[in-house]
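# Remarks on the overall topology
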Amino acid sequence: MNPIVILVLIIFVLIFLKWLFGKEKKSQRKLILSRVRRNVYQRCNGRCVWCKKPIEYKDAQMDHIIPFSKGGTDDENNLQVMCERCNKSKGDRDRPKHHKSLIYIPWWIKALGILFVIIVIYSMLRK
Ligand SMILES: [Zn+2]
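Below, the structure is looked at part by part. Bear in mind that the values here come from a model prediction, so they are computed numbers and not experimental data.

For the rest of this paragraph, the subject is the overall build of the chain. The secondary structure content of the chain amounts to 3 helices and 2 strands. Secondary structure of the chain in N-to-C order comes out as α-β-β-α-α. A buried classification covers 6% of the 127 residues belonging to the chain. When contacts within the chain are restricted to residue pairs at least 6 apart in sequence, long-range pairs at least 24 apart make up 64% of them.

Have a look at this one:
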């Protein structure tokens, strides 16, 4: 078997493992969020932080004070309670900005980039 083929296979296995790992991380995030939810609701006295309207626990929406795209976390201190209406209007305003600032690079383009670098290094070492 050609060593380059083996290298390519190893890289794709690594990318696949990373993809699996990333998915696991996302589901963990949701678990933390549901556990922290009640504390955040209590801290905000069950009221929307914007319009101060009392909200039922089941209708309360968690809003990130520092958005994920700017390095915010799911930490209790970064969350606040917001009613559906306020959360929606805030979201609508923030979304176009986020889309502009985020440059989305598909994972397979990154994979091809890594692959290219490895092939170049390999061919250099062979000489
Ligand atoms: Zn509100």
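For the rest of this paragraph, the subject is the environment of Val 36. Its location among the elements puts Val 36 in helix 1 (residues 3-43). Taking C-alpha positions, Val 36 is 9.0 Å from Leu 79, a pair spaced 43 residues apart along the chain. If sequence neighbours within four positions are ignored, Val 36 has contacts with Asp 74, Glu 76 and Leu 79.

Moving on, we get to unusual backbone geometry. With a phi close to 55°, Asn 45 is a non-glycine residue in the positive phi region. Within the secondary structure, Asn 45 sits in the loop between helix 1 and strand 1 (61-64).

On to the environment of Trp 107, then. Relative to the assigned elements, Trp 107 resides in helix 3 (residues 107-126). For Trp 107, a count of 11 C-beta atoms within 10 Å corresponds to the exposed category. Sequence separation between Trp 107 and Ile 15 is 92 residues, and the spatial gap between their C-alpha atoms is 8.6 Å.

With that out of the way, let us pick up the environment of Phe 116. Mapping Phe 116 onto the fold places it in helix 3. Accessibility expressed as a C-beta count within 10 Å gives 10 for Phe 116, which makes it exposed.

What counts and how
Residues numbered from 1 in each chain as written. Predicted model: local features only at pLDDT ≥ 70, side-chain atom pairs only at ≥ 80, totals over all residues. Helix = DSSP H or I, 4+ residues; strand = E, 2+ residues; numbered from the N terminus. Buried ≥ 20, exposed ≤ 12 C-beta atoms within 10 Å, placed from the backbone. Contact = placed C-beta atoms within 7 Å.

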